[in-house]
Amino acid sequence: MEAKGTVLVLDYGSQYTHLITRRIRQLHVLSLCISGTSSLQAIIDHRPRVIILSGGPHSVHCSGAPSFPDGFLRYVEESGAFVLGICYGLQLLVQSMGGEVSLADCREYGRMEIAVDGCSRLFPREEGEWKQFVWMSHGDEVVRLPEGFRVVGRSKENGVAAIENPSRRIYGLQYHPEVTHSPQGMETLQHFLFNICGITADWNLHGVLQEQEQEIKEMVGPHDHVICALSGGVDSTVAATIVHKVIGDRLHCVFVDNGLLRYKEKERVMSTFESDLHLPVTCVDATERFLSKLKGVEDPESKRKIIGAEFISIFDDFAQDMEQKLGRKPSFLVQGTLYPDVIESCPPPGSGRNHSHTIKSHHNVGGLPKNMKLKLIEPLKLLFKDEVRQLGSILNVPRAFLQRHPFPGPGLAVRILGDVTEGNDLEILRQVDEIYIQSIKEAGLYDSIWQAFAVLLRDRTVGVQGDQRTHSRAVSLRAVTSEDGMTADWYYFDREFLANVSAKICNGVREVNRVLVDITSKPPSTIEWE
(Lines give C-alpha, C1' and ligand atoms only; values in the text may rest on other atoms or scores of the structure.)
Protein backbone atom coordinates (compact mmCIF):
# COMPACT_ATOMS: atom_id res chain seq x y z
CA MET A 1 0.00 0.00 0.00
CA GLU A 2 1.24 3.50 -0.83
CA ALA A 3 2.71 5.14 2.27
CA LYS A 4 1.77 8.73 1.37
CA GLY A 5 -0.04 10.34 4.30
CA THR A 6 0.24 7.17 6.38
CA VAL A 7 -0.80 7.12 10.02
CA LEU A 8 1.44 4.63 11.80
CA VAL A 9 0.15 3.12 15.05
CA LEU A 10 2.79 1.80 17.45
CA ASP A 11 1.16 -1.01 19.39
CA TYR A 12 1.96 -1.34 23.09
CA GLY A 13 -0.54 -4.10 23.79
CA SER A 14 -3.90 -2.38 24.26
CA GLN A 15 -6.97 -4.42 23.35
CA TYR A 16 -8.13 -1.31 21.48
CA THR A 17 -5.05 -0.81 19.28
CA HIS A 18 -6.58 -2.41 16.19
CA LEU A 19 -9.63 -0.22 16.73
CA ILE A 20 -7.50 2.92 16.37
CA THR A 21 -6.33 1.60 13.01
CA ARG A 22 -9.89 0.86 11.90
CA ARG A 23 -11.31 4.19 13.04
CA ILE A 24 -8.68 6.08 11.05
CA ARG A 25 -9.37 3.99 7.94
CA GLN A 26 -13.04 4.85 8.31
CA LEU A 27 -11.94 8.46 7.76
CA HIS A 28 -10.40 7.34 4.43
CA VAL A 29 -6.86 7.64 5.75
CA LEU A 30 -4.37 4.76 5.47
CA SER A 31 -3.43 3.50 8.92
CA LEU A 32 -0.99 0.68 9.66
CA CYS A 33 -0.05 -0.95 12.94
CA ILE A 34 3.38 -2.25 13.97
CA SER A 35 4.99 -3.24 17.25
CA GLY A 36 5.71 -0.40 19.63
CA THR A 37 9.19 -1.84 20.10
CA SER A 38 10.01 -1.88 16.39
CA SER A 39 13.36 -0.53 15.26
CA LEU A 40 13.70 3.10 14.30
CA GLN A 41 14.42 2.04 10.72
CA ALA A 42 11.15 0.10 10.58
CA ILE A 43 9.32 3.28 11.55
CA ILE A 44 11.26 5.40 9.07
CA ASP A 45 10.55 2.91 6.26
CA HIS A 46 6.82 3.62 6.58
CA ARG A 47 7.44 7.37 6.13
CA PRO A 48 4.55 8.26 8.44
CA ARG A 49 2.96 11.67 8.50
CA VAL A 50 1.41 10.85 11.88
CA ILE A 51 2.54 8.42 14.60
CA ILE A 52 0.10 7.26 17.26
CA LEU A 53 1.36 5.54 20.40
CA SER A 54 -1.29 3.13 21.65
CA GLY A 55 -2.37 2.23 25.14
CA GLY A 56 -1.17 -0.87 26.91
CA PRO A 57 -1.21 -2.83 30.18
CA HIS A 58 2.25 -1.71 31.31
CA SER A 59 3.52 0.97 33.71
CA VAL A 60 6.17 3.26 32.25
CA HIS A 61 7.97 3.56 35.61
CA CYS A 62 8.44 -0.21 35.90
CA SER A 63 11.55 -2.04 34.73
CA GLY A 64 11.17 -3.64 31.30
CA ALA A 65 8.23 -1.49 30.19
CA PRO A 66 8.15 -1.32 26.37
CA SER A 67 9.24 1.90 24.72
CA PHE A 68 9.91 3.41 21.32
CA PRO A 69 13.48 3.03 19.98
CA ASP A 70 16.40 5.31 20.70
CA GLY A 71 16.39 8.26 18.33
CA PHE A 72 12.60 8.25 17.96
CA LEU A 73 12.03 11.77 19.34
CA ARG A 74 14.89 13.14 17.25
CA TYR A 75 13.37 11.52 14.15
CA VAL A 76 9.98 13.08 14.93
CA GLU A 77 11.55 16.51 15.28
CA GLU A 78 13.59 16.26 12.07
CA SER A 79 10.95 14.57 9.89
CA GLY A 80 8.09 16.90 10.73
CA ALA A 81 5.86 14.02 11.82
CA PHE A 82 3.01 14.57 14.29
CA VAL A 83 2.64 12.38 17.37
CA LEU A 84 -0.41 11.46 19.44
CA GLY A 85 -0.01 9.39 22.59
CA ILE A 86 -3.07 7.54 23.86
CA CYS A 87 -3.25 6.32 27.49
CA TYR A 88 0.06 4.42 27.98
CA GLY A 89 1.34 6.25 24.90
CA LEU A 90 0.80 9.61 26.58
CA GLN A 91 2.58 8.43 29.73
CA LEU A 92 5.47 7.05 27.68
CA LEU A 93 5.94 10.42 25.99
CA VAL A 94 5.82 12.27 29.30
CA GLN A 95 8.32 9.94 31.00
CA SER A 96 10.69 9.92 28.01
CA MET A 97 10.75 13.71 27.67
CA GLY A 98 11.60 14.56 31.27
CA GLY A 99 8.19 14.54 32.93
CA GLU A 100 7.03 12.18 35.66
CA VAL A 101 4.42 9.42 35.87
CA SER A 102 3.51 7.62 39.09
CA LEU A 103 0.94 5.24 40.51
CA ALA A 104 -2.35 7.11 40.82
CA ASP A 105 -3.96 7.65 44.23
CA CYS A 106 -7.31 7.33 42.50
CA ARG A 107 -7.40 5.07 39.46
CA GLU A 108 -9.76 5.97 36.63
CA TYR A 109 -11.66 3.25 34.79
CA GLY A 110 -14.77 3.46 32.66
CA ARG A 111 -16.93 6.42 31.65
CA MET A 112 -15.65 9.73 33.03
CA GLU A 113 -16.43 13.38 32.50
CA ILE A 114 -13.53 15.67 31.61
CA ALA A 115 -13.23 19.42 31.16
CA VAL A 116 -11.22 20.54 28.11
CA ASP A 117 -9.67 23.85 27.12
CA GLY A 118 -11.50 25.45 24.20
CA CYS A 119 -8.46 27.61 23.50
CA SER A 120 -6.28 24.55 22.84
CA ARG A 121 -5.29 23.10 19.47
CA LEU A 122 -6.88 19.75 20.38
CA PHE A 123 -10.29 21.02 21.50
CA PRO A 124 -10.95 24.41 19.88
CA ARG A 125 -14.29 26.05 20.74
CA GLU A 126 -15.36 29.65 21.01
CA GLU A 127 -16.98 29.17 24.41
CA GLY A 128 -13.68 28.28 26.07
CA GLU A 129 -13.79 25.42 28.58
CA TRP A 130 -16.31 22.69 27.79
CA LYS A 131 -17.04 19.18 28.99
CA GLN A 132 -17.34 15.75 27.41
CA PHE A 133 -17.60 12.13 28.49
CA VAL A 134 -14.70 9.80 27.69
CA TRP A 135 -13.58 6.22 28.39
CA MET A 136 -10.69 5.95 30.85
CA SER A 137 -8.61 2.86 31.64
CA HIS A 138 -5.48 3.68 33.64
CA GLY A 139 -3.92 3.16 37.06
CA ASP A 140 -0.99 5.57 36.61
CA GLU A 141 -1.12 9.35 36.29
CA VAL A 142 1.01 12.21 35.04
CA VAL A 143 2.31 14.24 37.99
CA ARG A 144 4.79 16.49 36.18
CA LEU A 145 4.79 17.61 32.54
CA PRO A 146 7.87 17.88 30.33
CA GLU A 147 9.03 21.38 29.47
CA GLY A 148 6.89 23.12 26.84
CA PHE A 149 3.74 21.04 27.42
CA ARG A 150 0.50 22.21 28.96
CA VAL A 151 -2.59 20.46 30.26
CA VAL A 152 -5.63 20.99 28.02
CA GLY A 153 -7.99 18.49 29.64
CA ARG A 154 -8.64 17.37 33.22
CA SER A 155 -10.87 14.80 34.86
CA LYS A 156 -13.26 15.54 37.73
CA GLU A 157 -10.56 14.28 40.11
CA ASN A 158 -8.20 16.87 38.56
CA GLY A 159 -6.17 14.18 36.80
CA VAL A 160 -4.40 15.00 33.54
CA ALA A 161 -6.68 13.94 30.65
CA ALA A 162 -5.03 15.69 27.69
CA ILE A 163 -1.77 17.51 26.94
CA GLU A 164 -0.21 19.28 23.97
CA ASN A 165 2.94 20.94 22.73
CA PRO A 166 2.03 22.34 19.28
CA SER A 167 5.51 23.68 18.61
CA ARG A 168 6.89 20.12 18.81
CA ARG A 169 3.79 18.62 17.13
CA ILE A 170 3.24 16.26 20.09
CA TYR A 171 -0.15 15.66 21.69
CA GLY A 172 -1.54 13.23 24.25
CA LEU A 173 -4.88 11.84 25.45
CA GLN A 174 -5.17 9.90 28.69
CA TYR A 175 -8.48 8.41 27.51
CA HIS A 176 -9.44 6.24 24.53
CA PRO A 177 -10.97 8.36 21.74
CA GLU A 178 -11.31 5.31 19.46
CA VAL A 179 -14.04 3.55 21.47
CA THR A 180 -17.75 4.31 21.16
CA HIS A 181 -17.87 5.02 24.91
CA SER A 182 -16.04 8.28 24.09
CA PRO A 183 -18.90 9.87 22.08
CA GLN A 184 -16.81 12.77 20.75
CA GLY A 185 -13.66 10.72 20.31
CA MET A 186 -14.01 10.39 16.54
CA GLU A 187 -14.54 14.14 16.29
CA THR A 188 -11.28 14.66 18.18
CA LEU A 189 -9.39 12.18 15.98
CA GLN A 190 -10.80 13.75 12.84
CA HIS A 191 -9.82 17.25 14.00
CA PHE A 192 -6.34 16.06 14.94
CA LEU A 193 -5.69 14.32 11.62
CA PHE A 194 -7.21 16.84 9.22
CA ASN A 195 -6.93 20.23 10.94
CA ILE A 196 -3.78 19.81 13.00
CA CYS A 197 -1.74 17.33 10.93
CA GLY A 198 -3.05 18.31 7.50
CA ILE A 199 -3.77 14.74 6.42
CA THR A 200 -5.78 14.27 3.20
CA ALA A 201 -8.65 11.75 3.14
CA ASP A 202 -7.58 10.02 -0.06
CA TRP A 203 -7.40 6.34 0.90
CA ASN A 204 -10.09 4.00 -0.44
CA LEU A 205 -10.52 0.39 -1.51
CA HIS A 206 -10.60 1.23 -5.22
CA GLY A 207 -7.09 2.59 -4.77
CA VAL A 208 -6.08 -0.49 -2.76
CA LEU A 209 -7.30 -2.73 -5.59
CA GLN A 210 -5.29 -0.79 -8.18
CA GLU A 211 -2.17 -0.94 -6.00
CA GLN A 212 -2.50 -4.68 -5.43
CA GLU A 213 -3.05 -5.35 -9.14
CA GLN A 214 0.07 -3.33 -9.96
CA GLU A 215 2.06 -5.12 -7.26
CA ILE A 216 1.04 -8.52 -8.64
CA LYS A 217 2.03 -7.45 -12.17
CA GLU A 218 5.46 -6.44 -10.91
CA MET A 219 5.91 -9.57 -8.80
CA VAL A 220 4.69 -12.22 -11.24
CA GLY A 221 6.59 -12.47 -14.50
CA PRO A 222 4.78 -12.72 -17.88
CA HIS A 223 5.34 -16.48 -18.05
CA ASP A 224 5.05 -17.33 -14.34
CA HIS A 225 2.25 -19.55 -13.05
CA VAL A 226 0.57 -19.16 -9.67
CA ILE A 227 -1.22 -21.53 -7.32
CA CYS A 228 -4.07 -20.28 -5.15
CA ALA A 229 -5.15 -22.04 -1.98
CA LEU A 230 -8.95 -21.79 -1.99
CA SER A 231 -10.69 -22.61 1.27
CA GLY A 232 -14.23 -21.79 0.18
CA GLY A 233 -14.22 -18.71 2.39
CA VAL A 234 -14.52 -15.04 1.53
CA ASP A 235 -10.85 -14.19 2.00
CA SER A 236 -9.22 -16.73 -0.31
CA THR A 237 -11.96 -16.23 -2.92
CA VAL A 238 -11.47 -12.46 -3.08
CA ALA A 239 -7.69 -12.94 -3.19
CA ALA A 240 -8.07 -15.42 -6.06
CA THR A 241 -10.40 -13.08 -7.94
CA ILE A 242 -7.86 -10.24 -7.73
CA VAL A 243 -5.00 -12.41 -9.00
CA HIS A 244 -7.17 -14.00 -11.71
CA LYS A 245 -8.06 -10.53 -12.96
CA VAL A 246 -4.35 -9.78 -13.41
CA ILE A 247 -2.88 -13.03 -14.80
CA GLY A 248 -5.90 -14.93 -16.13
CA ASP A 249 -5.45 -18.64 -16.81
CA ARG A 250 -1.96 -18.67 -15.35
CA LEU A 251 -3.72 -18.92 -11.98
CA HIS A 252 -4.36 -22.50 -10.85
CA CYS A 253 -6.70 -22.80 -7.87
CA VAL A 254 -6.67 -25.80 -5.58
CA PHE A 255 -9.28 -26.70 -2.99
CA VAL A 256 -8.03 -29.17 -0.38
CA ASP A 257 -10.42 -31.53 1.34
CA ASN A 258 -8.49 -32.05 4.55
CA GLY A 259 -11.13 -34.21 6.19
CA LEU A 260 -11.92 -31.35 8.57
CA LEU A 261 -14.66 -29.67 6.55
CA ARG A 262 -18.26 -29.02 7.53
CA TYR A 263 -21.25 -31.07 6.34
CA LYS A 264 -21.17 -31.36 2.50
CA GLU A 265 -18.74 -28.43 2.38
CA LYS A 266 -16.71 -29.80 -0.53
CA GLU A 267 -19.75 -30.34 -2.76
CA ARG A 268 -21.26 -26.95 -1.96
CA VAL A 269 -18.05 -25.00 -2.40
CA MET A 270 -17.02 -26.65 -5.66
CA SER A 271 -20.47 -26.00 -7.08
CA THR A 272 -20.23 -22.31 -6.17
CA PHE A 273 -16.76 -21.96 -7.69
CA GLU A 274 -17.97 -23.47 -10.95
CA SER A 275 -21.41 -21.89 -11.33
CA ASP A 276 -21.03 -18.44 -9.73
CA LEU A 277 -17.37 -17.47 -9.66
CA HIS A 278 -16.12 -19.23 -12.81
CA LEU A 279 -12.73 -19.92 -11.23
CA PRO A 280 -10.66 -22.91 -12.44
CA VAL A 281 -10.42 -25.16 -9.38
CA THR A 282 -8.83 -28.57 -8.78
CA CYS A 283 -10.08 -30.50 -5.75
CA VAL A 284 -7.48 -32.55 -3.86
CA ASP A 285 -8.70 -35.20 -1.40
CA ALA A 286 -6.08 -35.20 1.36
CA THR A 287 -8.23 -36.54 4.17
CA GLU A 288 -5.93 -39.43 5.01
CA ARG A 289 -2.79 -37.25 4.94
CA PHE A 290 -4.18 -34.77 7.46
CA LEU A 291 -5.93 -37.17 9.82
CA SER A 292 -2.94 -39.50 10.02
CA LYS A 293 -0.72 -36.58 11.04
CA LEU A 294 -3.28 -35.38 13.60
CA LYS A 295 -3.87 -38.78 15.23
CA GLY A 296 -3.20 -38.56 18.96
CA VAL A 297 -2.50 -34.79 18.88
CA GLU A 298 -4.42 -32.84 21.52
CA ASP A 299 -2.59 -29.51 21.88
CA PRO A 300 -4.37 -26.80 19.79
CA GLU A 301 -1.15 -25.01 18.79
CA SER A 302 0.34 -28.30 17.62
CA LYS A 303 -2.78 -29.05 15.59
CA ARG A 304 -2.63 -25.66 13.88
CA LYS A 305 1.04 -26.00 13.00
CA ILE A 306 0.64 -29.56 11.69
CA ILE A 307 -2.25 -28.46 9.49
CA GLY A 308 -0.35 -25.41 8.20
CA ALA A 309 2.70 -27.50 7.33
CA GLU A 310 0.61 -30.18 5.60
CA PHE A 311 -1.20 -27.60 3.50
CA ILE A 312 2.11 -26.25 2.23
CA SER A 313 3.36 -29.78 1.53
CA ILE A 314 0.27 -30.43 -0.59
CA PHE A 315 0.71 -27.17 -2.48
CA ASP A 316 4.34 -28.09 -3.20
CA ASP A 317 3.17 -31.47 -4.55
CA PHE A 318 0.50 -29.74 -6.63
CA ALA A 319 3.15 -27.39 -8.03
CA GLN A 320 5.25 -30.41 -9.11
CA ASP A 321 2.22 -31.94 -10.84
CA MET A 322 1.60 -28.64 -12.62
CA GLU A 323 5.23 -28.58 -13.73
CA GLN A 324 4.76 -31.89 -15.53
CA LYS A 325 1.63 -30.61 -17.27
CA LEU A 326 2.87 -27.10 -18.10
CA GLY A 327 6.59 -27.67 -18.48
CA ARG A 328 7.06 -24.87 -15.95
CA LYS A 329 6.76 -25.07 -12.19
CA PRO A 330 4.52 -22.50 -10.46
CA SER A 331 6.58 -20.14 -8.31
CA PHE A 332 3.92 -18.41 -6.23
CA LEU A 333 1.17 -19.27 -3.75
CA VAL A 334 -1.82 -16.97 -3.20
CA GLN A 335 -3.34 -16.90 0.28
CA GLY A 336 -6.20 -14.92 1.80
CA THR A 337 -4.25 -13.79 4.87
CA LEU A 338 -5.93 -10.86 6.64
CA TYR A 339 -4.58 -8.17 8.96
CA PRO A 340 -6.10 -9.78 12.10
CA ASP A 341 -4.29 -13.04 11.16
CA VAL A 342 -1.00 -11.15 11.19
CA ILE A 343 -1.76 -9.28 14.43
CA GLU A 344 -2.89 -12.40 16.33
CA SER A 345 0.17 -14.40 15.29
CA CYS A 346 2.67 -12.01 16.97
CA PRO A 347 5.28 -13.63 19.23
CA PRO A 348 5.16 -13.11 23.02
CA PRO A 349 6.80 -10.39 25.16
CA GLY A 350 10.21 -11.20 26.48
CA SER A 351 11.14 -12.93 23.23
CA GLY A 352 12.99 -9.84 22.06
CA ARG A 353 10.84 -9.75 18.96
CA ASN A 354 7.56 -8.13 19.92
CA HIS A 355 5.39 -6.65 22.65
CA SER A 356 2.24 -8.74 22.55
CA HIS A 357 1.28 -12.25 23.52
CA THR A 358 0.72 -14.87 20.83
CA ILE A 359 -3.01 -15.49 20.88
CA LYS A 360 -2.83 -18.34 18.39
CA SER A 361 -0.85 -19.31 15.31
CA HIS A 362 -2.88 -18.91 12.14
CA HIS A 363 -2.22 -21.76 9.72
CA ASN A 364 -1.34 -19.28 6.97
CA VAL A 365 0.91 -17.13 9.18
CA GLY A 366 2.45 -18.72 12.27
CA GLY A 367 1.85 -22.24 10.95
CA LEU A 368 3.94 -21.93 7.78
CA PRO A 369 7.16 -23.95 7.57
CA LYS A 370 10.39 -21.99 7.11
CA ASN A 371 11.50 -24.13 4.16
CA MET A 372 8.41 -23.66 1.98
CA LYS A 373 9.36 -23.52 -1.69
CA LEU A 374 6.62 -21.23 -3.00
CA LYS A 375 6.76 -17.44 -2.68
CA LEU A 376 3.67 -15.90 -1.14
CA ILE A 377 1.21 -13.47 -2.69
CA GLU A 378 -1.08 -12.04 -0.01
CA PRO A 379 -3.11 -9.17 -1.51
CA LEU A 380 -5.36 -8.85 1.58
CA LYS A 381 -2.82 -9.02 4.39
CA LEU A 382 -3.31 -5.36 5.39
CA LEU A 383 -7.12 -5.45 5.29
CA PHE A 384 -9.80 -6.28 7.83
CA LYS A 385 -12.66 -8.67 7.05
CA ASP A 386 -15.27 -5.99 6.38
CA GLU A 387 -12.85 -4.26 3.99
CA VAL A 388 -12.34 -7.57 2.15
CA ARG A 389 -16.09 -7.91 1.74
CA GLN A 390 -16.27 -4.38 0.32
CA LEU A 391 -13.42 -5.22 -2.04
CA GLY A 392 -15.25 -8.39 -3.11
CA SER A 393 -18.31 -6.29 -3.91
CA ILE A 394 -16.18 -4.04 -6.13
CA LEU A 395 -15.00 -7.22 -7.91
CA ASN A 396 -18.62 -8.42 -8.35
CA VAL A 397 -18.24 -11.49 -6.15
CA PRO A 398 -21.85 -12.60 -5.41
CA ARG A 399 -23.25 -11.07 -2.21
CA ALA A 400 -24.41 -14.45 -0.89
CA PHE A 401 -20.81 -15.65 -1.02
CA LEU A 402 -19.42 -12.48 0.59
CA GLN A 403 -21.82 -12.85 3.52
CA ARG A 404 -20.62 -16.35 4.40
CA HIS A 405 -19.47 -16.70 7.98
CA PRO A 406 -15.72 -17.09 8.50
CA PHE A 407 -14.47 -20.66 8.69
CA PRO A 408 -11.01 -21.30 10.21
CA GLY A 409 -8.25 -22.75 8.05
CA PRO A 410 -7.75 -25.67 10.47
CA GLY A 411 -11.46 -26.41 10.08
CA LEU A 412 -13.20 -28.61 12.61
CA ALA A 413 -9.83 -29.46 14.19
CA VAL A 414 -10.19 -26.35 16.38
CA ARG A 415 -13.84 -27.08 17.14
CA ILE A 416 -13.25 -30.57 18.53
CA LEU A 417 -11.38 -30.30 21.80
CA GLY A 418 -8.48 -32.72 21.86
CA ASP A 419 -7.76 -35.47 19.33
CA VAL A 420 -9.98 -34.95 16.28
CA THR A 421 -9.53 -38.52 15.01
CA GLU A 422 -11.18 -40.29 17.95
CA GLY A 423 -14.25 -42.36 17.08
CA ASN A 424 -16.75 -40.57 14.87
CA ASP A 425 -16.28 -37.15 16.50
CA LEU A 426 -15.96 -35.34 13.16
CA GLU A 427 -19.25 -36.75 11.91
CA ILE A 428 -21.03 -35.92 15.18
CA LEU A 429 -19.88 -32.30 14.97
CA ARG A 430 -20.81 -32.02 11.28
CA GLN A 431 -24.38 -33.10 12.03
CA VAL A 432 -24.73 -30.75 15.02
CA ASP A 433 -23.24 -27.81 13.14
CA GLU A 434 -25.51 -28.36 10.14
CA ILE A 435 -28.65 -28.38 12.30
CA TYR A 436 -27.51 -25.22 14.10
CA ILE A 437 -26.58 -23.22 10.98
CA GLN A 438 -29.68 -24.25 9.04
CA SER A 439 -31.84 -23.24 12.02
CA ILE A 440 -30.17 -19.82 12.03
CA LYS A 441 -30.83 -19.41 8.31
CA GLU A 442 -34.46 -20.51 8.63
CA ALA A 443 -34.95 -17.94 11.39
CA GLY A 444 -33.57 -15.18 9.12
CA LEU A 445 -30.68 -14.46 11.50
CA TYR A 446 -27.67 -15.53 9.43
CA ASP A 447 -26.73 -12.08 8.08
CA SER A 448 -27.07 -10.52 11.56
CA ILE A 449 -24.37 -12.80 12.95
CA TRP A 450 -20.63 -12.50 12.27
CA GLN A 451 -19.91 -16.16 12.95
CA ALA A 452 -21.80 -19.14 14.34
CA PHE A 453 -20.67 -22.71 14.93
CA ALA A 454 -20.84 -25.69 17.27
CA VAL A 455 -18.03 -27.11 19.43
CA LEU A 456 -17.78 -30.76 20.48
CA LEU A 457 -16.65 -31.08 24.10
CA ARG A 458 -14.49 -33.93 25.36
CA ASP A 459 -16.53 -34.96 28.38
CA ARG A 460 -19.57 -37.21 28.35
CA THR A 461 -22.65 -36.33 30.38
CA VAL A 462 -25.50 -38.37 31.84
CA GLY A 463 -28.91 -37.99 30.24
CA VAL A 464 -32.29 -39.66 29.83
CA GLN A 465 -33.48 -40.40 26.30
CA GLY A 466 -36.31 -42.79 25.47
CA ASP A 467 -36.72 -43.67 29.16
CA GLN A 468 -33.14 -44.93 29.19
CA ARG A 469 -30.00 -43.63 30.81
CA THR A 470 -27.48 -42.27 28.32
CA HIS A 471 -23.85 -41.32 28.73
CA SER A 472 -23.30 -39.15 25.68
CA ARG A 473 -21.54 -36.05 24.37
CA ALA A 474 -22.12 -32.39 25.13
CA VAL A 475 -21.86 -29.63 22.53
CA SER A 476 -21.60 -25.87 22.88
CA LEU A 477 -23.19 -23.40 20.47
CA ARG A 478 -21.29 -20.19 19.70
CA ALA A 479 -22.58 -17.11 17.84
CA VAL A 480 -20.98 -13.68 17.87
CA THR A 481 -21.38 -10.23 16.37
CA SER A 482 -18.33 -8.26 15.26
CA GLU A 483 -17.00 -5.77 12.75
CA ASP A 484 -13.58 -7.27 12.13
CA GLY A 485 -13.15 -10.37 14.30
CA MET A 486 -10.66 -8.64 16.60
CA THR A 487 -13.33 -8.03 19.25
CA ALA A 488 -16.74 -9.67 19.42
CA ASP A 489 -19.87 -9.90 21.54
CA TRP A 490 -22.07 -12.98 21.91
CA TYR A 491 -25.33 -12.96 19.97
CA TYR A 492 -28.54 -12.71 21.98
CA PHE A 493 -30.80 -15.54 20.72
CA ASP A 494 -34.31 -15.58 22.11
CA ARG A 495 -35.31 -18.43 24.42
CA GLU A 496 -37.65 -20.09 21.93
CA PHE A 497 -34.96 -20.34 19.24
CA LEU A 498 -32.49 -21.94 21.65
CA ALA A 499 -35.10 -24.40 22.93
CA ASN A 500 -35.94 -25.49 19.37
CA VAL A 501 -32.31 -25.88 18.32
CA SER A 502 -31.46 -27.85 21.45
CA ALA A 503 -34.36 -30.23 20.82
CA LYS A 504 -33.41 -30.67 17.15
CA ILE A 505 -29.81 -31.51 18.04
CA CYS A 506 -30.60 -33.97 20.84
CA ASN A 507 -33.31 -35.65 18.74
CA GLY A 508 -31.33 -35.64 15.49
CA VAL A 509 -27.86 -36.61 16.67
CA ARG A 510 -27.89 -39.85 18.63
CA GLU A 511 -24.52 -39.29 20.30
CA VAL A 512 -25.47 -35.92 21.90
CA ASN A 513 -27.57 -35.45 25.02
CA ARG A 514 -26.62 -31.96 26.21
CA VAL A 515 -26.47 -28.54 24.50
CA LEU A 516 -24.69 -25.55 26.05
CA VAL A 517 -24.52 -21.95 24.85
CA ASP A 518 -21.29 -19.91 24.92
CA ILE A 519 -22.06 -16.36 26.15
CA THR A 520 -18.47 -15.08 26.36
CA SER A 521 -17.27 -12.01 24.50
CA LYS A 522 -13.85 -11.49 22.88
CA PRO A 523 -11.91 -10.57 24.96
CA PRO A 524 -11.57 -12.39 27.32
CA SER A 525 -12.20 -15.38 25.01
CA THR A 526 -11.19 -15.83 21.40
CA ILE A 527 -14.01 -16.53 18.94
CA GLU A 528 -12.86 -20.09 18.27
CA TRP A 529 -12.38 -22.41 21.24
CA GLU A 530 -8.89 -23.51 20.16
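Please refer to the structure higher up on the page.
Given the structure is predicted, the values throughout are model-derived calculations rather than measurements. (Residues numbered from 1 in each chain as written. Predicted model: local features only at pLDDT ≥ 70, side-chain atom pairs only at ≥ 80, totals over all residues. Heavy atoms only, no water.)

A. Focus on the sheet that holds strand S1 (residues 7–11). Strand order in the open sheet made by the 9 strands is S2-S1-S3-S4-S9-S8-S7-S5-S6, with mixed pairing throughout. Each edge of the open sheet carries a strand with a single partner, namely strand S2 (31–35) and strand S6 (130–144). Pairs of neighbouring strands in the sheet enclose a mean axial angle of 20°, with direction left out of account. Sheet topology places strand S5 (residues 100–116) next to S6; 13 bridges connect them, and they run antiparallel. Looking at S6, one finds that serine 102 is bridged to glutamate 141. Here helix H1 (residues 17–26) sits on the sheet and contacts S1, S2, strand S3 (50–53) and strand S4 (82–86); the angle it forms with S2, its principal contact strand, is near 160°. Each of S1, S3, S4 and strand S9 (170–173) touches helix H5 (residues 185–196); the most contacted strand, S4, lies at about 165° to it. (Pairing = 2+ DSSP bridges. Helix = DSSP H or I, 4+ residues; strand = E, 2+ residues; numbered from the N terminus. Axes fitted to C-alpha atoms, helices over the stretch in contact; angles between N-to-C directions. Contact = heavy atoms within 4.5 Å.)

B. Representation of the environment of histidine 176. The topology assignment puts histidine 176 in the loop between S9 and H5. Overall, the relative accessible area of 3% leaves histidine 176 in the buried class. In sequence terms histidine 176 and aspartate 257 are 81 residues apart; their C-alpha atoms lie 44 Å from each other. Leave out the neighbours within four places in its chain, and histidine 176 touches Ser14, Tyr16, Ile86, Cys87, Trp135, Ser137 and Ser182. Polar contacts involving the side chain of histidine 176 include one to the side chain of glutamate 178, which spans 2.8 Å. (Buried < 20%, exposed > 50% of the residue type's maximum accessible area, 1.4 Å probe, protein only. Polar contact = N/O pair within 3.5 Å; in protein donor to acceptor, adjacent residues only side chain to side chain.)

C. Broad picture of the packing of helix H9 (residues 287–294) against helix H10 (residues 300–326). Viewed as axis vectors pointing N to C, H9 and H10 meet at an angle of 150°, and their least axial separation amounts to 10 Å. What the angle tells us is that H9 and H10 run roughly antiparallel. The chirality of how H9 crosses H10 is right-handed. For the pair H9 and H10, the contacting residues are Arg289, Phe290, Lys293 and Leu294 in the first and Lys303, Ile306, Ile307, Glu310, Phe311, Ser313, Ile314 and Asp317 in the second. (Parallel < 35°, antiparallel > 145°, perpendicular 65-115°, else oblique. Left-handed = near helix turned anticlockwise from the far one by under 90°.)

D. Spatial organisation of the nonpolar core. Core analysis: the largest hydrophobic core is formed by 148 residues, its most contacted members being Phe72, Phe192, Tyr436 and Ile440. Excluding its chain neighbours within four sequence positions, the residues that come into contact with phenylalanine 72 are Leu10, Leu40, Ile43, Ile51, Leu53 and Val83. (Core = buried A, V, L, I, M, F, W, Y, C linked by side-chain atoms within 4.5 Å.)

E. Representation of unusual backbone geometry. Residue histidine 28 is not a glycine yet carries a positive backbone phi of 65°. With respect to the element layout, histidine 28 can be found in the loop between H1 and S2. A positive phi angle, near 45°, is found at arginine 47, a position not held by glycine. A relative accessible area of 53% means that arginine 47 is categorised as exposed.

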